[in-house]
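Single-letter residue listing:
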Amino acid sequence: MNNSPTQSLNINEIEWAKVDKIGLEISFPYSQMVVDGTKTIETRTYPFPKELINKNIHLIESELSRNGTKTKPISKLGDLVKSGQDGINLIGLIIVTDVFEYRSKADWLSDCGKHCVDENDSNFGFKNDTAIFG
């Protein structure tokens, strides 16, 4: 048995119906923008699992994501995290109601006011060679 506080899994192999609590880690300051309603679309390079649409999702802001640096935030959390793990802050509940792929930079740019990612952001901005989902 693995006693590590985190564990990585293939997201497509998880039996979501058997998972007690689901969390989504979002970096600061985006996490706070979600909580205050400024950010209404979260962008990812993978589609959100359809089994989790319209389910309560815990919003996780890790200490790592609040480090204040301009470098790309890389989570040290695994896909499964033990409840109460140090450095994990549950800051709210969200419900993902839809998932879609941005087919063009123009489409992505038209939603900048909703996803709050700057056009020139080197970490989270639109890239022609990478799928972006909202």
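This write-up is about the structure you can find in this document.

The rules we used
Residues numbered from 1 in each chain as written. Predicted model: local features only at pLDDT ≥ 70, side-chain atom pairs only at ≥ 80, totals over all residues. Heavy atoms only, no water. Helix = DSSP H or I, 4+ residues; strand = E, 2+ residues; numbered from the N terminus. Buried < 20%, exposed > 50% of the residue type's maximum accessible area, 1.4 Å probe, protein only. Contact = heavy atoms within 4.5 Å. Areas by Shrake-Rupley, 256 points an atom, 1.4 Å probe, with all protein chains shown as cover. Salt bridge = Lys/Arg side-chain N within 4 Å of Asp/Glu carboxyl O. Phe/Tyr/Trp six-rings, centres within 6.5 Å; stacked < 30°, edge-to-face > 60°. Disulfide = S-S within 2.5 Å.

Here we come to the overall build of the protein. What the protein contains, in helices and strands, is 3 helices and 5 strands. Here the protein, with 134 residues, has 30% of them falling under the buried criterion. By sequence separation, contacts in the protein at least 24 residues apart represent 81% of the contacts at least 6 residues apart. Taken as a whole, the protein presents about 9000 Å² of accessible surface, with 49% of it coming from carbon and sulfur.

Within this structure, the stated rule accounts for 3 salt bridges. Note that Glu42 and Arg44 form a salt bridge whose closest N and O atoms lie 3.0 Å from each other. You can call Glu42 partly exposed: its relative accessible area is 22%. Note that Arg103 and Glu101 form a salt bridge whose closest N and O atoms lie 3.6 Å from each other. According to the relative accessible area criterion, Arg103 is exposed, its value standing at 67%. For Glu101, a relative accessible area of 30% puts it in the partly exposed group. Through salt bridges with shared partners, a single ionic network connects Lys39, Glu42 and Arg44.

Before going further, it helps to examine the environment of Ile41. Take Ile41: it is sitting in the loop between helix H1 (30-35) and strand S3 (56-62). Exposure remark for Ile41: the relative accessible area of 11% places this residue in the buried category. Not counting residues within four places of it along the chain, the set of residues in contact with Ile41 comprises Phe100, Tyr102, Asp111, Lys114, His115 and Gly134.

All right, on to unusual backbone geometry then. That bond from Phe28 to Pro29 is cis: its omega, 15°, falls within 30 degrees of zero. Although it is not a glycine, Asn54 adopts a positive phi angle of roughly 65°. Although it is not a glycine, Cys116 adopts a positive phi angle of roughly 65°. Of note, Cys116 is situated in the segment after helix H3 (112-115).

Time to look at the packing of aromatic side chains. Taken as a whole, this structure holds 3 aromatic pairs when the rule is applied. Ring centres 6.2 Å apart and planes at 45° place the aromatic pair Trp108 and Phe126 in the tilted group. Note that Trp108 is positioned in helix H2 (residues 105-110) and Phe126 in the segment after H3, a separation of 18 residues in sequence. Assigned by exposure class, Trp108 and Phe126 land together as buried.

With that out of the way, let us pick up the state of the cysteines. Applying the stated criterion across every chain, the model contains 0 disulfides. Of all cysteine sulfurs in the structure, the one in Cys116 sits closest to Cys112, which takes part in no disulfide; the separation is 8.9 Å.

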